[in-house]
Amino acid sequence: MPAFPDAILHAGADLTLSGLIADDAPRFVDVFSDSDLRRWLPLPSPYTLDMATQWCTTISDQLREEGRGFVLGVREADELVGSVDAKRVDWLSRTAELSYWTAPDRRGRGIMPTAVRRVAEWMLAELAFERIELRIAPANTASLRAAEKAGFRREGTARNAGFTDSGRVDLVVFSLIRPDIGS
């Protein structure tokens, strides 16, 4: 598997997406204590500083270097305000799934649609991926809106395809492909 590049992406005038660093770990701990976010992400409880540090350094670097995925911190004026990560990477079919979160104090400002669109365009245009997917629980209205604002097309619902702390959930499948971005 090829490694993903250690990229720095710019999205608009104010947003930068880049790899995680150890200094991001406290922000992860803080954000991952938010009950709205925890409703949709199956996270360990408690989510400790040691777990966050491992994620922000060792694990995220391994994912990228091994080509299994990547994690980019979304930064506004050098402050971590969210994250976009790639998973379920299939290099043969050139497909991947993105997931994302936004810090509670930055939600509703259009940050995540901009960031997700930038990452997807980078993967499609510069890394020669053919299809980028999002999978979102039907009741997660904020993430559904972000997917639509980012220009992803809703394809349907994968029944019983995911899980959260409260149990199994359906997942709405969205996609973006090369013709969608004009490449």
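Refer to the structure presented above.
1. Here we look at the packing of aromatic side chains
Each aromatic ring pair is summarised here by two numbers: the centre-to-centre distance and the angle between the ring planes.
Right, on to step 1. By the definition in use, this model includes nine aromatic pairs.
Right, on to step 2. Residues Phe4 and Phe129 carry aromatic rings whose centres are separated by 6.0 Å and whose planes lie at 15° to one another, so their mutual orientation is stacked. Placement of the pair is Phe4 in the segment before strand S1 (8-11) and Phe129 in the loop between helix H4 (111-126) and strand S6 (131-136), with a sequence separation of 125 residues. Summarising the burial analysis for this pair, Phe4 and Phe129 share the class buried.
Right, on to step 3. Note on Phe28 and Phe32: the rings are 5.3 Å apart at their centroids and 80° apart in plane angle, and the pair reads as edge-to-face.

2. Section: the pattern of salt bridges
Right, on to step 1. This structure, assessed with the given rule, holds 20 salt bridges.
Right, on to step 2. Note that Asp24 is salt-bridged to Arg75, the shortest N-O span being 2.7 Å. Separated by 51 residues along the polypeptide, Asp24 in the loop between strand S2 (15-19) and helix H1 (25-31) and Arg75 in strand S3 (residues 70-76) bring together distant segments of the chain.
Right, on to step 3. By relative accessible area, which is 5% here, Asp24 ends up buried.
Right, on to step 4. Taking the shortest distance from any N to any O, the salt bridge between Glu76 and Arg106 comes out at 2.4 Å. Taken together, the positions of Glu76 in strand S3 and Arg106 in the loop between strand S5 (95-102) and H4 put the pair 30 residues apart, joining distant regions of the chain.
Right, on to step 5. Look at the salt bridges and you will find they share partners, linking Arg27, Asp30, Glu76, Glu79, Asp105, Arg106 and Arg109 into a network.

3. A look at unusual backbone geometry
Right, on to step 1. Following Ser45, the chain continues to Pro46 via a peptide bond in cis, the omega torsion being 0°.
Right, on to step 2. One non-glycine residue with positive phi stands out, namely Asn160, at about 55°.
Right, on to step 3. With respect to the helices and strands, Asn160 occurs in strand S7 (residues 153-164).

4. Notes on the environment of Ala139
Right, on to step 1. Its location among the elements puts Ala139 in the loop between S6 and helix H5 (141-149).
Right, on to step 2. Along the backbone, Ala139 and Lys87 are 52 residues apart, and their C-alpha atoms lie at a distance of 22 Å.
Right, on to step 3. Among residues more than four places away in sequence, those in contact with Ala139 are Arg39 and Trp40.

5. Some words on the sheet that holds S2
Right, on to step 1. The mixed open sheet is built from eight strands, whose spatial order is S1-S2-S3-S4-S5-S6-S8-S7. Across the chains shown, the open sheet's two edge strands, defined by having one partner strand only, are S1 and S7. For this sheet, the mean inter-axis angle between neighbouring strands, taken without regard to orientation, is 30°.
Right, on to step 2. Both S5 and S6 contribute to a ladder of three bridges, which runs parallel. Looking at S6, one finds that Ala96 is bridged to Ile132.

6. Focus: the layout of surface pockets
Right, on to step 1. Counted as a void, the largest pocket has a volume near 1,400 Å³.
Right, on to step 2. Trp40, Leu41, Ser99, Tyr100 and Trp101 are the residues nearest the centre of the largest pocket, which is lined by 50 residues in total.
Right, on to step 3. Per-element tally for the lining of the largest pocket: the top contributor is S5, with six residues.
Right, on to step 4. Tallied by class, residues from the lining of the largest pocket come to 28 nonpolar, nine polar and 13 charged.

7. As for the pairing of strand S4 (residues 79-90)
Right, on to step 1. Bridge count between S3 and S4: seven bridges; the pairing is antiparallel. Bridge pairing in S4 places Val71 opposite Asp85.
Right, on to step 2. The loop that links S3 with its antiparallel partner S4 comprises two residues; one of these, Ala77, has a positive phi angle of about 50°.
Right, on to step 3. Bridge count for S4 against S5 is seven bridges, and the pairing is antiparallel. Bridge pairing in S5 places Ala86 opposite Leu98.
Right, on to step 4. Taking the residues that link successive antiparallel strands as the turn, the S4-S5 hairpin has four residues, and the phi of Arg94 there is positive, at about 60°.

About the thresholds
Residues numbered from 1 in each chain as written. Predicted model: local features only at pLDDT ≥ 70, side-chain atom pairs only at ≥ 80, totals over all residues. Heavy atoms only, no water. Phe/Tyr/Trp six-rings, centres within 6.5 Å; stacked < 30°, edge-to-face > 60°. Helix = DSSP H or I, 4+ residues; strand = E, 2+ residues; numbered from the N terminus. Buried < 20%, exposed > 50% of the residue type's maximum accessible area, 1.4 Å probe, protein only. Salt bridge = Lys/Arg side-chain N within 4 Å of Asp/Glu carboxyl O. Contact = heavy atoms within 4.5 Å. Pairing = 2+ DSSP bridges. Axes fitted to C-alpha atoms, helices over the stretch in contact; angles between N-to-C directions. 1 Å grid on protein atoms, 1.4 Å probe; cavity = no way out; pocket = protein on both sides within 12 Å on 5 of 7 lines; lining within 4 Å. Points joined across faces, edges and corners; volume = space filled by probe spheres on them. Nonpolar A, V, L, I, M, F, W, Y, C, P; charged D, E, K, R; others polar.

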